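Secondary and tertiary structure notes
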Amino acid sequence: MSLSFIETFRGMITDPGATIRKSRSGSLMDSIIYFLIVILIYSVLTSVIALIFGPINPMPLSPAGDIAAIIVFLISLVIGGTIALLIIGGIIHICLKIVGGRGDYTATVRAFALAETPQAAIGWIPFIGFIGSIWALVLMIMGASEYHKISMFRAVIAVLLPIIVIVILAVLGLMFFMVAPGSMTVTQIS
């Protein structure tokens, strides 16, 4: 991205519209690196809060076990975070194309990576962290609208479409399991 990490992070909090526009030329690798730094900050702060309020894992490990767990966690974070960014970015990109988006995949991933900034800023704070998720959703919509040259309404539809589809499939799945196939007769259905 044309801005440094600190400039981008600060800009996404203080002036997200301008920062999204300034970050238009960022590459896919820039977006992945920004995202990984953001989730690393979020994870470290979340871990500190968990240590203050109680252990995450009630089973104590040896000091060597704790170090190994931290190393595995960080490696998993980098690999899993990158995979999640690329897959979720792909799903949202398809939805953006469905509603008429004109941006490329890199633009979608960039918007998603930038939108995760509030998670590192406040998402780790107990009781108010959910505000970071709402804020991230709003930033994703802003980025999608800007990078794909679509209206905010279309961006809202594209970003919420995967969530809506998952909810519909979950409801249909629950309805399928609520009715036992052999328990109803044709006369009971009508």
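Right, let's walk through the structure included here. (Residues numbered from 1 in each chain as written. Predicted model: local features only at pLDDT ≥ 70, side-chain atom pairs only at ≥ 80, totals over all residues. Heavy atoms only, no water.)

**Details of the overall build of the protein chain**
For the protein chain, the count of helices and strands is nine helices and zero strands. Counted from the first residue to the last, the protein chain has its helices and strands arranged as α-α-α-α-α-α-α-α-α. For the protein chain, the residues scored as buried account for 36% of the 190 residues in total. In the protein chain, the share of contacts with a sequence separation of at least 24, taken over all contacts with a separation of at least 6, comes to 69%. (Helix = DSSP H or I, 4+ residues; strand = E, 2+ residues; numbered from the N terminus. Buried < 20%, exposed > 50% of the residue type's maximum accessible area, 1.4 Å probe, protein only. Contact = heavy atoms within 4.5 Å.)

**A few points about the packing of helix α3 (residues 28-53) against helix α5 (residues 105-115)**
Running from N to C, α3 and α5 cross one another at 20 degrees; their axes reach a closest spacing of 9 Å. Looking at the two axes, α3 sits roughly parallel to α5. Crossing geometry of α3 relative to α5 is assigned as left-handed. For the pair formed by α3 and α5, the contact residues are Leu 28, Ser 31, Tyr 34 and Phe 35 on the first element and Tyr 105, Thr 106, Val 109, Arg 110, Phe 112, Ala 113 and Leu 114 on the second. Broken down by class, the residue content of the contact of α3 with α5 amounts to eight nonpolar, two polar and one charged. (Axes fitted to C-alpha atoms, helices over the stretch in contact; angles between N-to-C directions. Parallel < 35°, antiparallel > 145°, perpendicular 65-115°, else oblique. Left-handed = near helix turned anticlockwise from the far one by under 90°. Nonpolar A, V, L, I, M, F, W, Y, C, P; charged D, E, K, R; others polar.)

**Re the layout of surface pockets**
Here the second largest pocket is characterised by a volume of approximately 310 Å³. Lining the second largest pocket are 15 residues, and of these Ile 88, Ile 92, Phe 112, Val 159 and Ile 163 lie nearest its centre. Mapped by element, the contributors of at least two residues to the lining of the second largest pocket are α4 (63-98), α5, α7 (130-148) and α8 (152-178). When its residues are assigned to classes, the lining of the second largest pocket shows twelve nonpolar, two polar and one charged. (1 Å grid on protein atoms, 1.4 Å probe; cavity = no way out; pocket = protein on both sides within 12 Å on 5 of 7 lines; lining within 4 Å. Points joined across faces, edges and corners; volume = space filled by probe spheres on them.)

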